[in-house]
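Here is what each chain is made of, one letter per residue.
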Amino acid sequence: MNSVVALNRDWPVVDRVRSLIDGESPPLRAGGIDLPIVNPTTEEGLAVLREADATEVDAAVASARRAFDTGPWPRMDINERKDILYAIRDRLRAHADELAWLECVGVGLPLAHVRGQMQRMARSYEFFAEVASTLHGEAYTQAKGWLTVVTREPKGVAALIAPWNAPLSLASMRIATCIPWGNTCVLKPSEYTPLSVRRMVEILHEAGLPPGVVNLVNGRGAVTGSALVSHPGIDMIGFTGGTATGRDIMTAAGRRLVPVALELGGKSANIICASADIERALDGALVGIFANNGQQCLAGSRILVQRSIAPMFIERFVERARNIRVGDPLSPRTEVGPLAYRAHMERVLSYVDIARAEGAQLLTGGRRAALERGWFVEPTAVLAASNDARVCQEEIFGPFATLLEFDTLDEAIAIANRSRFGLAGYVWSEDFATAMRCSREIRAGTIWINTPMMRELRAPFGGYKESGVGRDGPASSVDFYTELKSTIFPLDPPPMHRYGA
Ligand code: NDP
């Protein structure tokens, strides 16, 4: 049995994670609920979370409302707002090690992997600040004697909800696409992983963000989350999480006609053609499913291998999967850490029996990893009998690869598309026509050709079908988070009918 390296407390962890409203922690009310925050590597309690009830959510929305209706943020000169967003970037960079450590300890993501995410997170504030500073309107003069000016205004107060699999990156993407235009927000991260996000929101304030622009409430989805998304003071909802929750949120939003942007689940095909550069395809298939401990919306979790190369490719995939270093996420050698919480680990493991019952062959893994504690799952791979199997159709969200064989490209594309999801697709082939055909015919929001995930902030990101509604990206975020206003001026006094004259 391997042992888990003891964690050093390099940075202080607060005892009780609280909301942050108007830049401060609200008073602790008697009778409030504290929920445990547990380190997935050691299974020890790290801190507790004070759950925000409906009254606290109300205070957070009121703060965001005040900051929007009368505060400086939406009224600020764009250069001043941009300076604050740049200061946020700099301060996040300066605290990258601390944030990475909190993410690693709180979520179990390997430190080496998280460090890269910290740089991307800081960059996203800079990127959307740039977009905001070049935002422009339109003018129409075609109608003789008239000038019509179209301007963009911030939309108001957003409810932003983020999941636990990459808390800092995903919460930051929600904030960075929302506030640069002058909006304010209330953010609710997942109750399982609140530590790093709480520190990040503090850092936003240390960098000069005016109080009330970003408020934080913590708690369970059914308590804090649902109070937030159904609050009458909210003007829009940006949500990243599972498809079932996204459906509930859209239903709640529909009752109040509040617009929603949803980034949801996936079950993306990773097509390995016989014409691929096999070494790179093998690396890409492993990264595609095992990065981020397999807890990725855009994982290439259905690996479709052309039958002529399947025996060789699958054998090598399995051999590499067996060699993956599972362990303490703080160790620089670790490639896969623990899953984020116990119930999730149990859910991932339950798919081993589901796979067997549907005729799949277990190729490797399938058990809790032999470490003395922690919610570790062995890197797992199964060969499915058919794309109809649950392991091909359901998002497992762990280090669990499902492989399938195909004969022709027609068949691979049909399998890729036979899914209720449509977040992403990966194709490995050195043949240009094959790659282009997959790009055209796979019904998904992003197609990566001969590469694992590369996030291009300039391009829209989001899903077809049940993988989402709307996109993150400069143009789409402007559309979602701003209102368009047309103002019409006559260049000369226009003739008017004089009623009653
Ligand atoms: P969930 O849908 O369970 O939760 C997401 C967030 O919503 C959490 O903060 C949760 O709170 C909250 N929530 C739950 N119920 C409600 C409710 N009724 N009203 C308001 N908020 C609610 O997803 P997970 O956290 O399990 O995240 C994993 C999912 O996220 C996967 O399906 C993954 O594919 C998807 N995802 C999508 C991405 C994309 O860009 N498309 C990126 C990353 C993940 P709590 O956890 O506290 O209950």
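Residues numbered from 1 in each chain as written. Predicted model: local features only at pLDDT ≥ 70, side-chain atom pairs only at ≥ 80, totals over all residues. Heavy atoms only, no water.

## Topic: the packing of aromatic side chains
- Counting across every chain of the model gives seven aromatic pairs.
- For the ring pair Y426 and W448, a centre distance of 5.2 Å and an interplane angle of 25° mean the geometry is stacked. Separated by 22 residues along the polypeptide, Y426 in strand β17 (residues 424-428) and W448 in strand β18 (residues 446-449) bring together distant segments of the chain.
- A centroid spacing of 4.8 Å and a plane angle of 85° characterise the contact between F480 and Y481, whose relative ring orientation is edge-to-face. Each member of the pair, F480 together with Y481, is buried.
- An aromatic cluster of at least three residues, connected via ring pairs, comprises W164, Y192, Y341 and F397.
- Sitting over the ring of W73, R81 keeps its end group 5.7 Å from the ring centre. (Phe/Tyr/Trp six-rings, centres within 6.5 Å; stacked < 30°, edge-to-face > 60°. Helix = DSSP H or I, 4+ residues; strand = E, 2+ residues; numbered from the N terminus. Buried < 20%, exposed > 50% of the residue type's maximum accessible area, 1.4 Å probe, protein only. Lys NZ or Arg CZ within 6 Å of the ring centre and 35° of its normal.)

## Some remarks on the domain arrangement of the protein
- Domain annotation for the protein reports domain 1 (4-264 + 467-486) and domain 2 (269-449).
- Distance from the C-alpha centre of domain 1 to the C-alpha centre of domain 2: 31 Å.
- At the junction of the two partners, domain 1 supplies 27 residues and domain 2 supplies 32 residues.
- In this structure, E44 and R373 form a salt bridge, with 3.3 Å as the shortest nitrogen-oxygen distance.
- Connecting domain 1 to domain 2 are 13 residue pairs in polar contact (both at pLDDT 80 or more).
- For the side of domain 1 that touches domain 2, the secondary structure elements donating two or more residues are α3 (96-107) and α4 (111-133).
- At four residues, α3 tops the list of elements feeding residues into the side of domain 1 that touches domain 2.
- The residue inventory of the side of domain 1 that touches domain 2, partitioned by class, reads 16 nonpolar, eight polar and three charged. (Domains from an automatic or database assignment. Contact = heavy atoms within 4.5 Å. Salt bridge = Lys/Arg side-chain N within 4 Å of Asp/Glu carboxyl O. Polar contact = N/O pair within 3.5 Å; in protein donor to acceptor, adjacent residues only side chain to side chain. Nonpolar A, V, L, I, M, F, W, Y, C, P; charged D, E, K, R; others polar.)

## Points about the site of the ligand
- The full set close to the ligand counts 29 residues, and E191, G242, T245, L264 and E395 are the nearest of them.
- K188 places a polar side-chain atom, nitrogen or oxygen, 2.9 Å from an oxygen atom of the ligand.
- Here the ligand has 900 Å² of accessible area as a free molecule, and 87% of this is covered by the chains.
- Listing elements by their share of the shell around the ligand, those giving two or more residues are α7 (221-229), β9 (236-240) and α8 (243-256). (Near = heavy atom within 4 Å. Areas by Shrake-Rupley, 256 points an atom, 1.4 Å probe, with all protein chains shown as cover.)

## What about the confidence of the model for the protein?
- Taken as a whole, the protein shows an average pLDDT of 96; of its residues, 98% reach a score of 70 or greater.
- When pLDDT is averaged over each helix and strand of the protein, the minimum, 94, is found for strand β1 (residues 16-17) and the maximum, 99, for strand β7 (residues 184-188).
- Taken as a whole, residues 1-7 scores under 50 in pLDDT and shows 19 contacts with residues more than four places along the chain or in a different chain. (pLDDT = per-residue confidence, 0-100.)

## Considerations on the nonpolar core
- Core analysis: the biggest nonpolar cluster contains 102 residues, and Y125, I179, M200 and I271 have the highest contact counts within it.
- In terms of residues, this core owes the most to one element, α4, which gives eleven residues.
- No fewer than three residues from each of domain 1 (4-264 + 467-486) and domain 2 (269-449) sit in this core.
- Leaving out residues up to four positions away in the same chain, I271 has contacts with L304, F406, A412, A416, Y426, V427, W428, C438 and I442.
- Of all hydrophobic cores here, the second largest spans 33 residues; its members include F290, A310, F317 and I324. (Core = buried A, V, L, I, M, F, W, Y, C linked by side-chain atoms within 4.5 Å.)

## Notes on unusual backbone geometry
- The backbone of E43 sits at a positive phi, close to 65°, despite the residue not being glycine.
- Relative to the helices and strands, E43 resides in the loop between β2 (34-38) and β3 (45-50).
- Taking the relative accessible area as the measure of exposure, E43 reaches 28% and is therefore partly exposed.
- The backbone of N450 sits at a positive phi, close to 55°, despite the residue not being glycine.
- Here N450 shows up in the loop between β18 and β19 (464-465).

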